[in-house]
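Commentary on secondary and tertiary structure
One letter stands for each residue in the lines below.
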Amino acid sequence: MSFKPIQKLTVTRTLSSGEQVAVGVLAQNRQGVFFQYADNYLQQFGNLSPFTLQANTQVQVAPKQPHQGVHGVFGDCLPDGWGILPNQLTAMDRLAFVGDKGMGALSFSPVSEFSATTHADIDLAALGLAAQTLFDASMSDYMDNNHDELDGHTQQVLASNQDDHSKNGVFLPADDGQWQPAPFYDVTYSPHPFNEHATAFGGYGKAPTIKVMQKLAASAGYGSLA
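So, a few notes on the structure that sits alongside this text. (Residues numbered from 1 in each chain as written. Predicted model: local features only at pLDDT ≥ 70, side-chain atom pairs only at ≥ 80, totals over all residues. Heavy atoms only, no water.)

1. Some thoughts on the overall build of the chain
Broken down by element type, the chain carries six helices and seven strands. Along the chain, helices and strands appear, N-terminal first, in the series β-β-β-α-β-α-α-β-α-α-β-β-α. Counting only residues that meet the buried cut, the chain has 31% of its 226 residues in that class. Sequence separation of at least 24 residues holds for 47% of the intrachain contacts in the chain that already meet a minimum separation of 6. (Helix = DSSP H or I, 4+ residues; strand = E, 2+ residues; numbered from the N terminus. Buried < 20%, exposed > 50% of the residue type's maximum accessible area, 1.4 Å probe, protein only. Contact = heavy atoms within 4.5 Å.)

Have a look at this one:
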């Protein structure tokens, strides 16, 4: 089976009702990757990426960096780490591998012929509930007194999750286009060999002090973290 690089992908969004709607089209050539919204999408559902995509149906070129040559909202659908190998593949190829098996609301077609056609019957909701139960049990001493004041970044420190990259702090668009903070997710005991957080806390990547956390809490409108 010979490999043919992907040149064009249709982007589809699955709404909370399960309905699938066409978002637009991604295409690439030697100049880069381009995206164009479907005619009726913006009027009904709003802009998927208000900071980086224009709210119109014109063709929009993606920046070369930092999302492997695609627009950020689609870069978030790409695999991390070992999933970005081999280097000969483009981001468009990888999105075709993701197809409709990604964890988010976006899917891409046509699906690559090399994408897995079979997979285990995994109940992600059940796995998530089990992980939450385990996390709640291990963190109860901290959370009982500070539940209303601790934001997600503080919990990253308490859980010793130093793989706290920017994808841990995101917003979700509702079906009507309104945005809201995503529920707390992807937190596990994950210490770094050099005791360094992926995301700095007020400039402190190593062992942020309680004063630093209090300053961050104040800037976010929370009460004191005594």
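2. Observations regarding the sheet that holds strand β2 (residues 20-29)
Overall, antiparallel pairing links the five strands, which are arranged β4-β3-β2-β1-β5 in an open sheet. This sheet does not close on itself; its edge strands, each paired only once, are β4 (60-61) and β5 (106-109). Of the strand pairs in this sheet, strand β1 (residues 8-14) and β2 are connected by seven bridges, and their pairing is antiparallel. Directly across from T12, in β2, lies its bridge partner A22. (Pairing = 2+ DSSP bridges.)

3. Quick word on the packing of aromatic side chains
In this description, an aromatic ring pair is defined by two values, namely the gap between the centres and the angle between the planes. Counting across every chain of the model gives five aromatic pairs. With a centroid separation of 4.9 Å and 75° between ring planes, the pair formed by F35 and Y37 is classed as edge-to-face. Note on F74 and F108: the rings are 6.3 Å apart at their centroids and 80° apart in plane angle, and the pair reads as edge-to-face. One end of the pair, F74, is in helix α2 (residues 72-75); the other, F108, is in strand β5, and 34 residues separate them in sequence. For F74, a relative accessible area of 0% corresponds to the buried category. By the ring-pair criterion, three or more aromatic residues cluster together here, those being F35, Y37, Y41, F45, F74 and F108. (Phe/Tyr/Trp six-rings, centres within 6.5 Å; stacked < 30°, edge-to-face > 60°.)

4. With respect to helix α6 (residues 210-219)
All buried positions along α6 are accounted for by V212, M213 and A217. Looking down the long axis of α6, one finds its buried residues gathered within 135° of arc, a one-sided arrangement. Residues of α6 that are exposed and point over 90 degrees away from its buried face: K211, K215, A218 and S219. (Arc of directions from axis to C-beta.)

5. A closer look at the side chain of R13
Along the polypeptide, R13 turns up in strand β1. Polar contacts involving the side chain of R13 include one to the main-chain carbonyl oxygen of P173, which spans 3.2 Å. Only 3.2 Å separates the side chain of R13 from the backbone oxygen of A174, close enough to count as a polar contact. In contact with R13, not counting residues within four places along its chain, are E19, Q20, V21, V23, Y41, F45, L48, A105, L106, P173, A174 and D175. (Polar contact = N/O pair within 3.5 Å; in protein donor to acceptor, adjacent residues only side chain to side chain.)

6. Observations concerning the nonpolar core
Within the largest apolar cluster, 26 residues are counted, with the highest numbers of intra-cluster contacts made by L26 and F74. Secondary structure elements with two or more residues in this core: β1, β2, β3 (32-37), α1 (41-45), α2, α3 (91-98) and β5. With four residues, α3 is the largest single contributor of residues to this core. Discounting residues that sit within four places of it in the chain, F74 has contacts with V11, L26, F35, L95, L106 and F108. (Core = buried A, V, L, I, M, F, W, Y, C linked by side-chain atoms within 4.5 Å.)

7. Focus: the environment of S109
With respect to the element layout, S109 can be found in strand β5. On the basis of relative accessible area, S109 is assigned to the partly exposed category, the value being 31%. Separated by 11 residues in the primary sequence, S109 and V98 place their C-alpha atoms 9.3 Å from one another. Those residues in contact with S109 that sit more than four places away from it in its chain are K8, L9 and T10.

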